[in-house]
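Structural overview
Spelled out from the first residue to the last, the chains are:
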Amino acid sequence: MSIYQYIIRRLLYSIPIILGVCLIIFVLFNLVSPDPVLLMLGKHVTASQIADLRRELGLDRPWFLQYWDVVKSSFTFEFGRSWSRKQEIWQMIKQGAPVSLSLTLPGFILSAIISIAISIMVAFFRGTWIDKFAVFISVAMVSISSLAYILFFQWYLAFKLGIFEISGYEHGFFECIPYVILPIIIYIILSVGPDVRFYRTVLLDEIYQDYVRTARAKGLSETYVLFKHVLKNAMIPIITNLVISLPFLILGALLLESFFGIPGLGGITLEAVNTSDFPVLKAMAVLSSMAYIVFSIITDVLYTVFDPRVRLK
Amino acid sequence: MKKICSFSFSAFFLLGLLSLLSFYGCFGKKEGDVKTLNTVSQAKPKTFDPIDIDDRYSKLEASKIYEGLYTYHYVERPYKIIGQLAEGLPSLSEDGQTYKITLKKGVLFQDNKCFPQGKGRELKASDVVYSFKRLADSKLNARGWWVFDNKIVGLNQWREENSKKEKSDYDQVIEGLVALDDYTVQIKLVKASPQFIYILAMPFTYIVAREAVEFYRKDFLNNPVGTGPFMSGPYDQSNKHTYLKNPTFREEFFPSEGGHPAAGKKLPLVEKIVAQFLPEEQPRWLNFAKGNFDFVLIPQDSFDSVVGPDGNIKKEFAEKGVALDKSIRLDVSLLPFNHNLEIFKDIRVRKAFALVFDVKKLIDLFYKNKAIPAQTPIPPGLSGHDLSYRNPYVANEGIKLEEAKKLLAEAGYPEGKGLPPITFDTSSSSMHRQIGEFVKSQLEVLGVNIVVQTNPWSELSDKLHKAKFMLASYAWGADYPDAENFLQLLYSKNGPPGPNVASYNDPVFDQKYLESSSMQDSPERGKLYSELARSVAEQVPWILGVHRTEVTASHGWLQNLITSDFESTYWRHLDIDQEVQKKLKSKL
């Protein structure tokens, strides 16, 4: 099967997935979520106001008509306006997504490079004190709560030493740099621990394979074996891990955005949860699902690049 | 090996470069010479459209740009209503139902592209009529509609008629809302309401220009065009918004009453306001400590590091010129009983619960003494609050366990036997979760089984407004400085989904409430409020909590800060002493 046929088939498979996502969020919202109308109307509420607003939002219609609206908007991408802020949802996403990405994308790229570099070094020095020390540090890093990092670094590096901005954000490529540096550093620290542990395991799994022993027996250097053979085969799970993380970059890093005053999508999503803002929640759920589907297709395609044995079916 | 090292080295080099780039920010920043007020709020404004402004943070921002007919005197206490766009107080008919309001002349809307040639025009009475009609327009679903609902003659009918039309007719004349001429508005009420003038000071009733609404249409909520002392560009939902002094703002001066040092100075006093929105306490506080914000509410976690056990500011902060300002808020926290439940219809059960609730311990543990026990619903500072009154069902001198047990036994529940498990619904914030455990420990001495249920705010609000709770935590902040706003919490017709979440129903209270709330402000009315508050408090419709004190820290260069429950009055009156600022900032 050609790549294009495969991609089209996978995209067609995504239709029932999106329908399923719509159904889940619709059911959850109607069964579990509190009444958004009361929240929207504030503390002075009358029964007639509730009825008017429910009519305006279409909440008084039969459930199947409401569900149809959810499905329709998911495929036409017309998400309408936020119930709590009355803002255009697309406008909120367009404003928030690049801001989130200015933090998460550099953090993601750098943490990937650093994690892979450390993992390769650790794999090379496997069994030695370097390896053990790296594992210890990785476990320690994972054990410390992200909130602890944020609170400490913000207080010490930004406030006490004054090296970084305490909080804030300015739009613009160069303007935003001083504000995202510290959050990016924290993002990297948060990611490196678990990533190093995972990549190290993947690399070591490959290193202990028979073909590697054969390669060494043939007289090839450790470095050559590591970079030419092991890394290439280990890239499959590494790529899976990296590519599958990509859609979530847009959602931002919630705690980092909140503590550093970065107006990204993470804050928008959290507010939507707290205010039962269904249109925003629906938009975020549908878009994340679609992004996940697209990136998983990309992952599958990339498999064939890294491993010629893999055939798309 | 070489390859590994060089690969790893490259990665670390990149990290180092990233860190170095941070210095770009340090050298790239410049301090401006413009007198700038730097403020911070806990949340972003939701909207700049006055008809939907029902949250504190939107009020704070919109009040920099918009104005209403009336406002509160910045200096005088108790709070006093004064004209803002109106020339003095309204003239009132004999029956108290007809208000004639004269507008100030020469008030201009801010320059904006929505006006011809971008020049703001003069405010007219028709703008007031238009702005108020927007509140009534059912198509806009204004959150502020409740302020005019069934209050103005003909307005509800206008709303009803236009709800059926595709486009609301703003030119249709309403009997109770008329522009008599360019500078005179007449408002006829369905019945006399002394609180109506306070409504005209609420952000819902800020005056907007029809041109701006029609030009920006659905994006009007992000493009405010008012008559106020500051103006801004479109709001882009970011965490920062900048306001510049409105060059066409009319001549207005700092009030001379009270002999304030700034008396007579032309307003506004600063050129620029930079407002930031930070939900977390730590960055708010650290930025303040660094001098990036001019004043801030002291966060709970930092309180002990700033304020000493004597309640005064600590030396290290005093030396840096930081000052404290304490004010008791016009609010009350309470634990409402659900009066729809049989167990709470018995006053003896309610009294027993109230007698074992140690409110002073609550203040000590959770409010760091930044609160006072509430004796009645009415907070200090309002007419009707009796400073000397002590509610016998508030544990002012410690809990009264024996008395409580006796009452519970008389009600048929000796040692709490026979009472079902009582669910206490509270917010899921960490402080309220802890308060929930505290409430449990307090009431369990009676042998009552308390189950603490934490809820996100949206769920708690849902339960309260649908009366789906047994005992809950609730609080009320004043919409306006009239005790009626607190007593209405017990008026039976305000039951769920209204603010009487306890579903309290006492015909005697209702009658006296209606009688007192229709009286104009007077010592007699104050006395009646006071009696009513005392008598209802002793009926224990709720377990009373506290009136909170807010402690604001401000830097020495900030001038004229007089803390108020109505923060909308701040912006034009605050000033920055730039010389002092330079001196003090070097110490930070």
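Basis of the calculations
Residues numbered from 1 in each chain as written. Chains lettered and ligands numbered in written order. Predicted model: local features only at pLDDT ≥ 70, side-chain atom pairs only at ≥ 80, totals over all residues. Helix = DSSP H or I, 4+ residues; strand = E, 2+ residues; numbered from the N terminus. Contact = placed C-beta atoms within 7 Å. Buried ≥ 20, exposed ≤ 12 C-beta atoms within 10 Å, placed from the backbone. Pairing = 2+ DSSP bridges. Nonpolar A, V, L, I, M, F, W, Y, C, P; charged D, E, K, R; others polar. Axes fitted to C-alpha atoms, helices over the stretch in contact; angles between N-to-C directions. Parallel < 35°, antiparallel > 145°, perpendicular 65-115°, else oblique. Left-handed = near helix turned anticlockwise from the far one by under 90°. Domains from an automatic or database assignment.

What to know about the overall build of chain A
What chain A contains, in helices and strands, is 13 helices and zero strands. Reading the helices (α) and strands (β) of chain A from amino to carboxyl end gives α-α-α-α-α-α-α-α-α-α-α-α-α. By principal-axis analysis of the C-alpha atoms, chain A measures approximately 85 × 60 × 35 Å. Sequence separation of at least 24 residues holds for 72% of the intrachain contacts in chain A that already meet a minimum separation of 6.

Thoughts on the environment of A86(B)
Residue and element names in this part refer to chain B. The residue A86 is located in the loop between β3 (81–83) and β4 (91–92) in this model. A tally of 24 C-beta atoms within 10 Å means that A86 is categorised as buried. Counting along the chain gives 21 residues from A86 to I65, while the straight-line C-alpha distance between them is 17 Å. If we skip the residues at most four places from it in the chain, A86 touches L69, Y70, I101, T102 and L103.

Some details on the pairing of strand β10 (residues 272–277) of chain B
Residue and element names in this part refer to chain B. As defined by bridge partners, strand β1 (residues 36–41) adjoins β10 across six bridges and the pair is classed as parallel. The partner of N38 across the bridge, within β10, is V274. Pairing of strand β9 (residues 240–245) with β10, which is carried by five bridges, proceeds in the antiparallel orientation. Within β10, the position partnered with K240 by the bridge is Q276.

Let's talk about the interface of chain B and chain A
On the chain A side, the residues contacting the 50 residues of chain B number 55 residues. When residues of the side of chain B that touches chain A are traced back to their parent elements, those giving at least two are α1 (2–28), α7 (281–289) and α15 (457–465) of chain B. When residues in the side of chain B that touches chain A are grouped by element, the largest group, 13 residues, is from α1(B). Residue composition of the side of chain B that touches chain A, grouped by class: 21 nonpolar, 17 polar and twelve charged.

Some points on the sheet that holds β1(B)
Pairing within the open sheet is mixed, and its four strands lie in the order β1-β10-β9-β8 (chain B). Sheet topology places β1 and β8 (230–231) of chain B at the edges, where each strand pairs with a single neighbour.

A look at the packing of helix α11 (residues 347–355) of chain B against helix α13 (residues 401–410) of chain B
All names here are of chain B. In the contact formed by α11 and α13, the axes pass within 8 Å of each other and the chain directions differ by 160°. Comparing the axis directions of α11 and α13 gives the class roughly antiparallel. Crossing geometry of α11 relative to α13 is assigned as left-handed. Across from R348, V349, K351, A352 and L355 in α11, the residues of α13 making contact are E403, A404, L407, L408 and E410. Residues belonging to the contact of α11 with α13 are distributed by class as follows: six nonpolar, no polar and four charged.

Quick look at the domain arrangement of chain A
Residue and element names in this part refer to chain A. In terms of domains, chain A is made up of domain 1 (3–76) and domain 2 (94–306). The gap between the C-alpha centroids of domain 1 and domain 2 is 32 Å. Between domain 1 and domain 2, the contact holds 15 residues from the first and 13 residues from the second. Those elements that provide at least two residues to the side of domain 1 that touches domain 2 are α1 (3–31), α2 (36–41) and α4 (63–76). The leading source of residues in the side of domain 1 that touches domain 2 is α1, at nine residues. Looking at the side of domain 1 that touches domain 2, its residues break down into eleven nonpolar, three polar and one charged.

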